[in-house]
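# Observations on chain architecture
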Amino acid sequence: MRIYIGPDSATKRQFIFEQMNRGGEVTVITPEQSTLAYESQMIRMLDLPGMIDVQVTSLSHIRNTLSRDIFTPEQEAIGEIGKKMLYRDILDELGPRLRIFRNIDQPGFYEELEATIDRLMRDGVGSEVFSELLEEQSPDSLVYQKLADLQLIYQRFDERMTGEYFDLEQSLALFEREGHRFRLFSPEEVWLVDFKHFDDASLRMLRKISAHTKRVCIALAYEADKPWIYQVTSDTLGLLVDTFSAEVIEIKTDDTSIRRLAEGLVALDPSPIEAPLRVFAAEDVYEEVEFIGLDILQKLRLDETLRLEDIRLIAADLESYEFTIKSVFSQLGLPVFSDDRKSIVRNRIIKSILALMNIYLAGYRREDVISFLKGYLSESDWDDLDRWENYVIERGINFKRFREPMADEAMEALRQRFLGPVLSGESFYKQRRTIGAFCDGLRELLILLQYPERIEQTVKIYEERGETEEMLIITQVWNSLIDALSQLKKVAGHKEVSFRQYKRLFDSAIKDLNVGIIPPVEGRITLATLHRSTHAPCRVLYFCGMAEGVVPRDYLDTGLLKHKEKYRIKEFGYRYFDTPEFNENLDVLDQFIALSMVEDELIFTYAGGNYTSETMTPSLYINRGLGISGAEVERGLQRHYQEHPDTAFRYAVEAIREGRRELIHQLSDHELHLIEQALINPVITPPVDRRGKKVSASASRLERFRRCPYSYFVRYDLKPVIRREFRVEAFDIGDLYHLLIQQALEAYHEKRLMRQSIPAFIDRLMDTVLSMEQYERFSHTAASRYFIERAKRVATFVIGVLIDQIERSEFVPTYFEKTIQVGLDKFDLRGKIDRIDVKDNRFTVIDYKTGSKTFDLNSIYQGIDLQLTLYADAFKAEQAMEPAGLFYFNIKDPILDEAKDRDKELRLSGIKAGDISGLETTEGPSFYPSEHISDEMMEKLTKRVRRLSQSYVDRIEAGDIAIRPIRMNYLACDYCDFGAICRFDRLRQGFSEEMIEKLKKDDIYERLMEEETE
Ligand code: SF4
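This section reports on the structure supplied with the text. (Residues numbered from 1 in each chain as written. Predicted model: local features only at pLDDT ≥ 70, side-chain atom pairs only at ≥ 80, totals over all residues. Heavy atoms only, no water.)

### A look at the overall build of the chain
Broken down by element type, the chain carries 38 helices and 24 strands. Here the C-alpha atoms of the chain give a radius of gyration of 38 Å, more than 25% beyond the 31 Å that 2.2 N^0.38 yields for 1014 residues. Principal-axis analysis of the C-alpha atoms gives the chain an extent of 120 × 75 × 60 Å. For the chain, buried positions account for 55% of its 1014 residues. Considering only intrachain contacts with a sequence separation of at least 6, the fraction spanning at least 24 residues in the chain is 76%. Of note, the chain has its 137 positive side-chain charges centred 4 Å away from the centre of its 174 negative side-chain charges. (Helix = DSSP H or I, 4+ residues; strand = E, 2+ residues; numbered from the N terminus. Rg over C-alpha atoms; globule rule 2.2 N^0.38 Å. Buried < 20%, exposed > 50% of the residue type's maximum accessible area, 1.4 Å probe, protein only. Contact = heavy atoms within 4.5 Å. Lys, Arg positive; Asp, Glu negative; His and termini not counted. Charge placed at Lys NZ, Arg CZ, Asp CG, Glu CD.)

### A short note on the site of the ligand
Surveying the vicinity of the ligand reveals the residues Cys708, Tyr710, Ser711, Ile963, Pro965, Cys973, Cys976, Gly979, Cys982 and Phe984. Elements represented by at least two residues in the shell around the ligand include exactly helix 28 (709-718) and helix 37 (979-982). By residue class, the composition of the shell around the ligand is eight nonpolar, two polar and no charged. (Near = heavy atom within 4 Å. Nonpolar A, V, L, I, M, F, W, Y, C, P; charged D, E, K, R; others polar.)

### A short note on the packing of helix 27 (residues 699-707) against helix 36 (residues 935-958)
Running from amino to carboxyl end, helix 27 crosses helix 36 at an angle of 70°, the nearest separation of the two axes being 10 Å. With respect to each other, helix 27 and helix 36 are oriented roughly perpendicular. Of the residues in helix 36, those touching helix 27 at Leu702, Phe705 and Arg706 are Ser949, Tyr952, Val953, Arg955 and Ile956. Here the contact of helix 27 with helix 36 is built from residues that sort into five nonpolar, one polar and two charged. (Axes fitted to C-alpha atoms, helices over the stretch in contact; angles between N-to-C directions. Parallel < 35°, antiparallel > 145°, perpendicular 65-115°, else oblique.)

### Observations regarding the sheet that holds strand 8 (residues 311-315)
The pairing of strands in a sheet happens through backbone hydrogen bonds and is either parallel or antiparallel. Here we have seven strands laid out as an open sheet, ordered 9-12-8-13-14-7-15, and parallel in their pairing. Strands at the two margins of the open sheet, each flanked by one partner only, are strand 9 (336-338) and strand 15 (633-634). Pairing geometry for strand 13 (residues 538-544) and strand 14 (residues 598-609), over five bridges, is parallel. Among the inter-strand pairings, Cys538 is bridged to a residue of strand 14, identified as Val598. Relative to strand 14, helix 11 (residues 257-266) is tilted by about 40°, and along the sheet it contacts strand 7 (277-284) and strand 14. Along the sheet, helix 12 (residues 285-302) contacts strand 7, strand 8, strand 12 (525-528), strand 13, strand 14 and strand 15; its crossing angle with strand 7, the most-contacted strand, is approximately 140°. (Pairing = 2+ DSSP bridges.)

### Focus on the environment of Arg181
Within the secondary structure layout, Arg181 lies in the loop between helix 8 (168-178) and strand 4 (189-192). For the pair formed by Arg181 and His212, sequence separation is 31 residues and the distance between their alpha carbons is 9.7 Å. For Arg181, the side chain forms a polar contact with the side chain of Glu178, separated by 2.3 Å. (Polar contact = N/O pair within 3.5 Å; in protein donor to acceptor, adjacent residues only side chain to side chain.)

### Description of the nonpolar core
Counting residues in hydrophobic clusters, the biggest one holds 165 residues, and the most contacted among them are Ile153, Tyr360, Phe372, Trp388, Tyr502, Phe506 and Phe604. Here the element with the most residues in this core is helix 20 (residues 468-492); it accounts for 11 residues. When near neighbours in sequence (up to four residues on either side) are disregarded, Trp388 contacts Val369, Ile370, Leu373, Phe402, Met406, Met411, Leu414, Arg415, Phe418 and Leu419. (Core = buried A, V, L, I, M, F, W, Y, C linked by side-chain atoms within 4.5 Å.)

### As for the pairing of strand 5 (residues 215-219)
Walk down a regular strand and you will see the side chains alternate between the two sheet faces. Among the five residues in strand 5, four count as buried, and that is most of the element. Pairing geometry for strand 1 (residues 2-5) and strand 5, over three bridges, is parallel. Among the inter-strand pairings, Tyr4 is bridged to a residue of strand 5, identified as Ala219. In terms of handedness, the path from strand 4 via helix 9 (residues 200-211) over to strand 5 forms a crossover that is right-handed. (Right-handed = clockwise from strand over helix to strand, strands pointing away.)

### What about unusual backbone geometry?
Put simply, Val551 and Pro552 share a cis peptide bond, and its omega is -15°. Located in the positive-phi region is Asp840, a residue other than glycine, with phi close to 55°. By secondary structure assignment, the location of Asp840 is in the loop between strand 18 (827-839) and strand 19 (842-849).

### Observations concerning the pattern of salt bridges
By the definition in use, this model includes 77 salt bridges. Two residues, Asp89 and Arg160, come together in a salt bridge whose shortest N-O distance is 3.1 Å. Taken together, the residues span a long stretch of sequence, with Asp89 in helix 4 (residues 80-94) and Arg160 in helix 7 (residues 142-164) at a distance of 71 residues. Like Arg160, Asp89 is buried. If you follow the salt bridges from partner to partner, you end up with Asp89, Asp92, Glu93, Arg156, Glu159, Arg160 and Lys495 in one network. (Salt bridge = Lys/Arg side-chain N within 4 Å of Asp/Glu carboxyl O.)

### Examining the side chain of Asp847
Looking at where Asp847 falls in the secondary structure, it is placed in strand 19. Within polar-contact distance, the side chain of Asp847 engages the side chain of Lys849 at 2.9 Å. Asp847 has contacts with Asp834, Gln867, Leu868, Phe887, Tyr888 and Phe889, leaving out every residue within four places of it along the chain.

### Focus on the packing of aromatic side chains
Applying the stated rule across the entire model yields 37 aromatic pairs. Consider the rings of Phe175 and Phe185, whose centres lie 6.1 Å apart with planes at 55°: the pair is tilted. In this pair, Phe175 sits in helix 8 while Phe185 sits in the loop between helix 8 and strand 4, placing the two residues 10 residues apart along the sequence. The pair Phe175 / Phe185 is uniform in exposure class, with both members buried. Ring geometry for Phe843 and Phe875: centres 4.8 Å apart, planes at 65°, overall edge-to-face. Taken together, the residues span a long stretch of sequence, with Phe843 in strand 19 and Phe875 in helix 34 (residues 867-879) at a distance of 32 residues. Owing to a relative accessible area of 0%, Phe875 belongs among the buried residues under this scheme. One aromatic cluster is present, built from ring pairs that chain together Tyr360, Phe428, Tyr429, Phe438, Phe499, Tyr502 and Phe506. (Phe/Tyr/Trp six-rings, centres within 6.5 Å; stacked < 30°, edge-to-face > 60°.)

Keep in mind these values describe shape, not function.
Now the structure itself:
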């Protein structure tokens, strides 16, 4: 055996690859996760057309091939899913004997359990270790109970594996006995690369390989003079030399400044080094990734010899960064390959299958139906799906209503097309009782729904688009799923479960399944993680997300075995590796290797805030790097934005908006001028010509215009379709109250309703209302039903109050929901008045409100609140009567408001006018407000409102669409849905709010008196 030591470098790898490729059959063994990357690296570095005599494999692959494919019938092999199932089965079986882990179903528990026992097994630590640990604990303690449980589980797992399946020990024993007979590795030459340590299982295999191979070579990253970096491999080297009497050969590599820097980062007392290190501090993750992408573009532009495959990107927390990196790089046109295995549950096909099972389980819940269709339908159906989704959301269609025909013909056709197969596959879970039967059923269902054909189509689409990575992944995902079903059936097929339990098992079984593909040899930037990836030589390395707690990572003491217990296992004399100290040493070595293989430049980046807006502290390696190399922190994209037209444009907008006086590259003077004009004068000409058209207006339309002309423009000219989600809370409950109150008061007015029968009347009325099509869906959910009960209670109470008010007044409710229509010059006013009470030639206007709106004289004076005044004016013109008052009545919940002053709360808000005799008798507390103005003042107020309304109409016609929200005690934008369209920004030049003066009522009257009478 030969061991090649020396730093892991491009020189060393080149040397090793050349040794392997001298001709003759060679087996290269790498850790499981490195085989694909290693093969790709070798092809690239030696510029090979492919691998012919060199076979790259892993120890576990060799073992599995022998155990599963050669010796053991297929049904007895067990994979990851099978093991997980076995643990569940064992915990069920041990149930009453367990003290801590009985009936446990926490997320991640089985994964943790499997990892803990698997680690012990691979390191050759048997279940007897728990006896030693237990001796040190008090039998009453929780720790004792936990360890005792773990011991029981481990023992039982061992027994079950030995009795029923091929376990690690058996496969090792088989390999030791028979491994040499089946050419699983070359008898001429075997290389072991990328290993940093060998666990017990690997060591046993290595002994066997060594005994039957002419030459075994091991490449080990190790330098004797840097013990603080090579702690892990130093122990490994000692062990190999002692065990195999190996010859150690040192491969010298020239030192580089980057390697010295990488060394300095983890050294106790590093010396200054002039190294090509840059550090970029971003405000957030997006800016950080954008910087990296633009910096790459800049480098590629300036250095023609640099190729994409010369660049690597490491993200310590790949899970958080991957999405942003992929989307930003795709915008910048940079191809990137993620050298990581992908969890299959993130795949849309798998998501759709999980949603499909949920549909049957939860009875067609809307989220499940939509989620299923999004994964199941092909891209050509997405527009239809979008419209259909809007329809079902707007109509509140949920649960069993997906089984019923839809009123709209086109939507019904889509329902049948989308859900037909799902409905016909419903029987899949019925009449099934065992895991095996459910597995068979699910397989049949997927065939019925033509999943295999869909996968084939999708593969073709990816192929046509040249999206090879996606194409390979989707095929693997499907194969993994089918394998998962076989494993489930194999290990626990006989077990009786409900459909719900089966779904849980299935979720848990596939949760950790992931797929990986061979990294492309060229034409891509590689995105890798620090800890799981195989590091490779490159010219430029970006190391992003360098935050405290991430690099170096924190080792939290949260596992099933605590740190203290792990150290004790080691102290008992086992070669047990899973200690925080070992993992930390391994991380140091991984990081050193990743950085030291960089030839040209290292760039560290970090963001001040993460995705959840938490403030992030830079990693200690950032400060060390700066200290050692003397590099300065770079910030902002000033030197980079011009690398891409999109970023250049955004940069220019930002700079002009903030008034920064700097030279902007990439954009012409004319383009800059246009941006400036757009920012300074955001008011643009309306795209619609309203001139010559008679404006059909309601008070609420004019009020919207007053609050913000742009909001009017969006609402009535652009007419965006707002996706309205049907929920009782979101429904305008005011409509329902209006209907109940109107009908009850009409019945009372016509003497069909007595006070004592109000509750029964409301009950009957509500039943009738709920049977109407537009209200019927209110009775679908428990929340809706609660809402209905509450509405009945409120309506009963409020109607009682209103009858009190009517009985104490000589004004008689005469008009309900009275339609008003007034034709003025270029202006038609339409609307409805909830109630008009009449006495002789005087009338009062009453409007019911469900919100908190109350009468505000200043809002009327300022032309913001027009409704009551305009409608009273129209009624006056129609009936030749005089108004005696304008009032709002707020519909309130008597229970919610019981703590308040009830009478005060239920009083009408508004203003009385002129002769009000008979408005109310003097007994009891008053229902009416105290404010009382003369007919003359009412006339002046009305005229002002009319004049203002006409002015709005003129401005609407003239095309005023200014973005100018009003501000009183609120900002109009606070109640507007169109912020994303207008992009109103108070800080931006050219945008302003209209401040509304707050006037006291006496000032208002004074001003009204001063206004000229028309
Ligand atoms: S968000 Fe504000 S500025 Fe924009 S349209 Fe609405 S009210 Fe006007």
